Amino acid sequence: MENIIYLMVQHQQLMGQRILLRPVSLQDASDMFEYAADKETTRFLFEPHKNLEATKKTIAEFFVKEPLGKYAIVLKENNKMIGTIDLRVDANHKKAELGYILNKQFWGNGYVTEAASLLIELGFQTLGLERIYAMYDIKNRASGRVMERLGMTSEGILRKNRLVKGQFSDDECYAILREEYADLNNKA
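We now turn to the structure provided with this report. Treat the numbers as computed from the prediction; the structure is a model and nothing was measured.

1. Quick word on the pattern of salt bridges
Counted under the stated rule, the structure contains 13 salt bridges. Across the salt bridge formed by arginine 18 and glutamate 114, the nearest N and O atoms sit 2.9 Å from each other. Placement of the pair is arginine 18 in the loop between β1 (14–15) and β2 (19–22) and glutamate 114 in helix α5 (residues 111–126), with a sequence separation of 96 residues. Using a relative accessible area of 15% as the deciding quantity, one classes glutamate 114 as buried. The partner of arginine 162 in a salt bridge is aspartate 171, and the shortest N-O contact between them spans 2.7 Å. In this structure aspartate 171 comes out as buried when scored by relative accessible area, which is 1%.

Right, here's the structure in full:
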């Protein structure tokens, strides 16, 4: 466990072709509020933020309090934070869960796929994980397509898996294993 924590501390910034992944800070509050207050963006995840103060509290209590594995997705061209992505590592079982949210103004441009690819590479090549998985509300098919582009395989639906905004959500689980990731990279 200590080794994974040390490795994650060493990799708090990851550089993609168009994006930078870095820790979230209070300076990101305005950019985060832009999408965290939007009903469409947050529809499958959480209640929209009502004000900038709520966003600042979320940043402090979730992102800054325990920052490892939690990243701001930042456009390199203008330094705008457009979403977040995280890799929640379970070192005891050599696996991690991937989660993300993106400002709807930037949907359809491959930014989440690029960010998730960086974290999957980190998970398998640096952290030595065996499995990385992600789940999405089955009503949010676009998120499932991201997982497919990442080379993940559907493992089934978890019925009434989460309580979101007072309603139970059925989630589809996708995963990729270390050997599947290696096979994909050998073909590339």
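There is more to say, and it comes next.
2. Here we look at the packing of aromatic side chains
Evaluated as defined, the whole model comprises four aromatic pairs. Ring geometry for phenylalanine 106 versus tyrosine 111: centroids 6.4 Å apart, planes at 65°, classification edge-to-face. The same class applies to phenylalanine 106 as to tyrosine 111, namely buried. Measuring from ring centre to ring centre gives 5.1 Å for phenylalanine 124 and tyrosine 181, while their planes differ by 35°; the resulting arrangement is tilted. With phenylalanine 124 in helix α5 and tyrosine 181 in helix α7 (residues 178–187), this pair connects stretches of sequence that are 57 residues apart. The pair formed by phenylalanine 124 and tyrosine 181 is uniform in burial state, with each residue classed as buried.

Criteria and cut-off values
- Residues numbered from 1 in each chain as written.
- Predicted model: local features only at pLDDT ≥ 70, side-chain atom pairs only at ≥ 80, totals over all residues.
- Heavy atoms only, no water.
- Salt bridge = Lys/Arg side-chain N within 4 Å of Asp/Glu carboxyl O.
- Helix = DSSP H or I, 4+ residues; strand = E, 2+ residues; numbered from the N terminus.
- Buried < 20%, exposed > 50% of the residue type's maximum accessible area, 1.4 Å probe, protein only.
- Phe/Tyr/Trp six-rings, centres within 6.5 Å; stacked < 30°, edge-to-face > 60°.

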